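Chain by chain, the residues:
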Amino acid sequence: MIIVMEAFTEQDQINMVSEKLKEKGFQVHLSQGVERTIIGAIGEKTPEVMELFETLPGVERVVPILQPFKLASKTFQPQQSKVNVGTQVIGQGKIQIIAGPCAVESREKYLEIAQAVKETGATMLRGGAFKPRTSPYSFQGLEKEGLEILAEARELTGLPVVTEIVDPRMVDEVAQYVDILQVGARNMQNFFLLRELGKINKPVLLKRGPSATIEEWIMAAEYIISGGNKQVIMCERGIRSFETYTRNTLDLSAVPLIKQLTHLPIIVDPSHGTGKWKLVEPMAMAAIGAGADGIMVEVHQNPSEALSDGPQSLTPENFARLVTRVTKMAEALQEN
Ligand code: PEP
Ligand code: MN
């Protein structure tokens, strides 16, 4: 349930309600708006408990949250969350363009592509150091060396870096090298990993599982938030459907749905969402049109020689064109 406090309630009253909730065995989470504080209470609610809290001073009303997700829900926090990444903010109106190759393949190639995408408008860098591949015989990533290269690219360009974390035991180590930790689609329901990510103070980019419902995906976010880390960014990357022409079916309805149901920012990955580079720009445009806070796209100097995901990777020239068009679209939408 949530307890909506009266506008401009005194801190003493908020403290009193929080203490009483803890006494009754509830976990307490505060959402402090400009005017109003909302207290999220996770635990066993009964009509008696709800009535009791309604009588406490400073309480305006007690509302049950009917959805299974609580802290991620818009009811708990009506204002949109903003996630700070270095000097950038995700979820505040300006769209973020995260770009780079699927995997870090070598120091030389990565530093080159990082500079190239920065020059044409990327606001953050991506690159996998640990690659969870369908086949154990495919390139698995440079691992630790990859992390070092990512950290060097970050220094060189000044752009924040996103990379995937696959092992719960490595969360602290990976967090030392990068600015955002990505949970890959295949790991969306790796609850041990999600719990570890709940303990850190770094943004987490949570990809939607290939067969996850919207509710399962938000519940995965709830794991991280309930662990204490509120910096969650959702990422739609396509789901599995009967269609085989595209690698996945990009579910753009997820964008307005996530905005309606939660306060979390959402970005879209049209590269994994389609698997075909020619579809990346149109779907990036559609994502921004649907209200996404940004996009994440794969870019490679020479897609035909990429060690992973070449068919969906843009050349730097095609990326430059995408940035121009997507930026124009975002500006046009902001004017309205
Ligand atoms: C990736 O972003 O490199 C990746 C592996 O994506 P996904 O987890 O969405 O397949
Ligand atoms: Mn990839």
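Worth saying up front: this structure is predicted, and the values here are computed from it rather than measured. Residue numbers here run from 1 along each chain, matching the order of that chain's written sequence. Labels are handed out in written order, letters beginning with A for the chains and numbers beginning with 1 for the ligands. The predicted nature of this model means local features are confined to residues of pLDDT at least 70 and side-chain atom pairs, given and counted, to a pLDDT of 80 or more, with totals for whole chains, interfaces and linings taken over all residues. Side-chain numbers come from the whole structure's heavy atoms, not from hydrogens or water.

Participant: Mind showing me how you'd approach the site of ligand 1 here?
Facilitator: As a matter of local geometry, ligand 1 sits amid Arg126, Lys131, Glu164, Gln182, Gly184, Ala185, Arg186, Lys207, Arg237, His272 and Glu298. Polar contacts, as counted here, are pairs of nitrogen or oxygen atoms within 3.5 Å of one another; within protein the pair requires one atom able to donate a hydrogen and one able to accept it, and residues that are adjacent in sequence qualify only if both atoms are side-chain atoms. Measuring from an oxygen atom of ligand 1, one finds a side-chain N or O atom of Gln182 at 2.9 Å. Here Arg186 contributes a side-chain N or O atom positioned 3.0 Å from an oxygen atom of ligand 1. Contact with the protein chains removes 97% of the 290 Å² of surface that ligand 1 exposes when unbound. Any residue with at least one heavy atom within 4 Å of a molecule or strand is counted as near it. Surface exposure here means Shrake-Rupley accessible area, sampled with a 1.4 Å probe, where a residue is shielded only by the protein chains that are shown.

Participant: Hey, could you run me through the coordination of the manganese ion (ligand 2) in this one?
Facilitator: Working reference: metal with six octahedral donors, ideal angles 90 or 180 degrees; metal with four tetrahedral donors, ideal angle 109.5 degrees. Only N, O and S atoms count as donors, using a 2.8 Å cut-off from the metal and 3.2 Å for Na, K and Ca, and because water is excluded some sites may appear unfinished. Donor atoms from the polypeptide that coordinate the manganese ion (ligand 2) comprise Cys102 (SG), His272 (NE2), Glu298 (OE) and Asp309 (OD), at 2.0 to 2.4 Å from the metal. Mapped onto the sequence, the residues coordinating the manganese ion (ligand 2) show the spacing C-x169-H-x25-E-x10-D. Linking Glu298 in strand S14 (residues 294–298) with Asp309 in the loop between S14 and helix H11 (316–335), this pair joins segments that are eleven residues apart in sequence. Assessed through its relative accessible area of 1%, Glu298 is described here as buried. A relative accessible area of 16% means that Asp309 is categorised as buried. Runs of E in the DSSP output that reach at least two residues are strands. Runs of H or I that reach at least four are helices, and both are numbered from the N terminus. Accessibility here uses a 1.4 Å probe with only protein chains present; expressed as a share of the type maximum, an area under 20% marks a residue as buried, one over 50% as exposed, and anything in between as partly exposed.

Participant: What is the right way to read the packing of aromatic side chains from this model?
Facilitator: Describing an aromatic ring pair means giving the distance of the ring centres and the angle of the ring planes. The rule is short: rings of Phe, Tyr and Trp, with Trp giving its six-membered ring, pair when the centres are within 6.5 Å, and they are stacked under 30 degrees, edge-to-face over 60, tilted in between. If you walk through the whole model with that rule in mind, you get one aromatic pair. Between Phe191 and Tyr223 the ring centres are 4.6 Å apart and the planes differ by 25°, which places this aromatic pair in the stacked class. Within this pair, whereas Phe191 is found in helix H6 (residues 191–198), its partner Tyr223 is found in helix H7 (residues 214–226), the two being separated by 32 residues in sequence. Given a relative accessible area of 31%, Phe191 falls into the partly exposed group. The residue whose ring lies beneath Lys276 is Tyr245, and the NZ or CZ to ring-centre distance is 4.1 Å. The criterion is that NZ of a Lys, or CZ of an Arg, lies within 6 Å of the ring centre and within 35 degrees of the ring normal, and then a charge sits over that ring.

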